[in-house]
Amino acid sequence: MTMGAPTRPCAVVVGGGPIGLTAAHIFSQAGIDFVVLEARDTVLPEVGASMNLYPGTMRVLHQLGLGEAAEAVSAKIVRAFFVDWDGQLYKKGHPGPVFDEIHGCHPLAFHRLDVLRVLYNNLEPGDQKRVLTNKQVVDIQTTPEGVTALCADGSKYEGTFVLGVDGVNGKTRDFMRALALQQSPDAQVNPEKPFTAYYRVMFGTIPIPPGMGVGENHDCHGAKYSTMLITGSQGRAWFFLYEELDAPTQERVRYTEKDMEELAARCRDMHVSQELTFGDIWPTVVKAGMTNLDEGMLEHWSGDRIVVAGDAAHKITPNIGWGYFAGVQDVIALTNLLQASLSQGSTGTLTGEELAKIFRQYEATRKPEMATVLNLSASATRQSAWPRTWSGLFYRFMEWVSTVPGFEYFTIKYIASPVQSNALVLDFLSCEEPYHGLVPWKYPTARA
Ligand SMILES: Cc1cc2nc3c(=O)[nH]c(=O)nc-3n(C[C@H](O)[C@H](O)[C@H](O)COP(=O)(O)OP(=O)(O)OC[C@H]3O[C@@H](n4cnc5c(N)ncnc54)[C@H](O)[C@@H]3O)c2cc1C
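Notes on the structure follow. Treat the numbers as computed from the prediction; the structure is a model and nothing was measured. (Residues numbered from 1 in each chain as written. Predicted model: local features only at pLDDT ≥ 70, side-chain atom pairs only at ≥ 80, totals over all residues. Heavy atoms only, no water.)

Description of the pattern of salt bridges
Then comes step 1: Counted under the stated rule, the structure contains 19 salt bridges.
Then comes step 2: In this structure, R236 and D114 form a salt bridge, with 3.5 Å as the shortest nitrogen-oxygen distance. A residue pair is termed long-range when its members are at least 10 positions apart, and R236 in strand β16 (residues 236–249) and D114 in helix α5 (residues 112–121) qualify at 122 residues.
Then comes step 3: E295 is the partner of R382 in a salt bridge, and the nearest nitrogen-oxygen pair spans 2.9 Å. Taken as a pair, R382 in helix α11 (residues 352–384) and E295 in strand β17 (residues 287–297) lie far apart in primary sequence, 87 residues in all.
Then comes step 4: In this structure E295 comes out as buried when scored by relative accessible area, which is 10%.
Then comes step 5: Salt bridges sharing common partners tie together K224, E244, D246 and R388. (Salt bridge = Lys/Arg side-chain N within 4 Å of Asp/Glu carboxyl O. Helix = DSSP H or I, 4+ residues; strand = E, 2+ residues; numbered from the N terminus. Buried < 20%, exposed > 50% of the residue type's maximum accessible area, 1.4 Å probe, protein only.)

Here you go:
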């Protein structure tokens, strides 16, 4: 696709995952032209995973007119049970009601595919046509005027800038790095492998086990391993089996069915709830997957006319379920800046200098908040599956502290909730507040 003389900026979005599809909605509302290039043959893949969404994300979905559609396919998480490997209950209750009290909204459990469906099916027909599948981007070229993304099928897409939301193993980072080194061999660039995995997870969808209700969270914590079982709407439940790796790695590992069977056999006696072991639920699996859990954040989030967001920029472990939240916050921060710059200028498009300034501000806004989210996730993972190093004793102690009356929700109240309260919203759309809790939202009030 070749754009004519630009009258408004055009974003070439590399990756049609959850963040790419959310960016399509946000750019459409901001009046930024876009095309989404997705390598797979569908933007609605079934991978068997769940996705929890939190109040800060739900407010933005409401701003985009997607809140009700999303709530309709979700389940409020209302109860939690914590057991050891023998099924002994040592903690009960749930952060869900705590979130509800503070923010006026429970965490909501979704089937991942349902989130993608809400995003894709609610795009305007014209915008849906801008989401293209079978478009694997194999190179990106920049000029002083714009960018060109080249796809494996020989097609080319031109725009004002590239937004790389191609996930943890995405190539946009590599193109950004190569371009910077081409322009100056001394350029400050990200390392080729910016993330490290210390854990892996096997996850999957199962029917809700007999005896369990909707909106339950069952956790089993212990040394090296932990499990999580969440029950959702439409009779679905999801399990997660975390395992500390023997050694940290930066290599991408593709796990096979055999790897999953071996792990399942090794963990069959571990409890996933008071009554059930992993061996009880494994035969009921509908769809499962396994992946290493990379952790880390890029030092440089942009280069030339290319900027990255979502898992391509930072990767967190999924225990607290904030990966999508973090990526959405990236796109909001970026688009608020783009939109503000466009509404001040009159040319309708953006120069390289303007983009560089916006990208710098974007990175400066997101990095500190993202560091908190990264640490919070990392701690949750280690507090669930204690590492074998000395730090394991600390996380074990933290787990014990979380059972002391009065300290159960310390982390949620004083670390997690402030991140949600400070969550950005889209400055250029009205925010008719859907949720009211004890703690006021920081935005848009403070900037209104
Ligand atoms: C087991 C598990 C459970 C999770 N649970 C939660 C949860 O409860 N809540 C939550 O918020 N987060 C959760 N996450 C994290 C969440 O899934 C991610 O943060 C989120 O998917 C990131 O979205 P993304 O669009 O940045 O990347 P991705 O989801 O990885 O999407 C990237 C897309 O880019 C495409 N792509 C890659 N390369 C190219 C290319 N060269 N050209 C074109 N397209 C390309 C890919 O095909 C893919 O569709 C979980 C993650 C895991 C592994």
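A short note on helix α12 (residues 391–401)
Then comes step 1: Taken together, the buried positions of α12 are occupied by G392, Y395 and E399. All buried residues of α12 fall inside an arc of 65 degrees around its axis, so they share one side. Counted as exposed and oriented over 90 degrees from the buried face of α12: L393 and W400.
Then comes step 2: On its buried side, α12 packs onto β6 (89–92), β14 (216–223), α11 and β21 (385–386). (Arc of directions from axis to C-beta. Contact = heavy atoms within 4.5 Å.)

With respect to the sheet that holds strand β7 (residues 108–111)
Then comes step 1: Read from one edge of the open sheet, three strands run β3-β7-β4, paired in antiparallel fashion. In the strand order of this sheet, the two ends are held by β3 (50–53) and β4 (75–76), each with one partner.
Then comes step 2: Bridge count for β3 against β7 is four bridges, and the pairing is antiparallel. If you follow S50 over to β7, its bridge partner there is H111.
Then comes step 3: Seen against the sheet, α5 touches β3 and β7 and runs at an angle of roughly 85 degrees to β7. (Pairing = 2+ DSSP bridges. Axes fitted to C-alpha atoms, helices over the stretch in contact; angles between N-to-C directions.)

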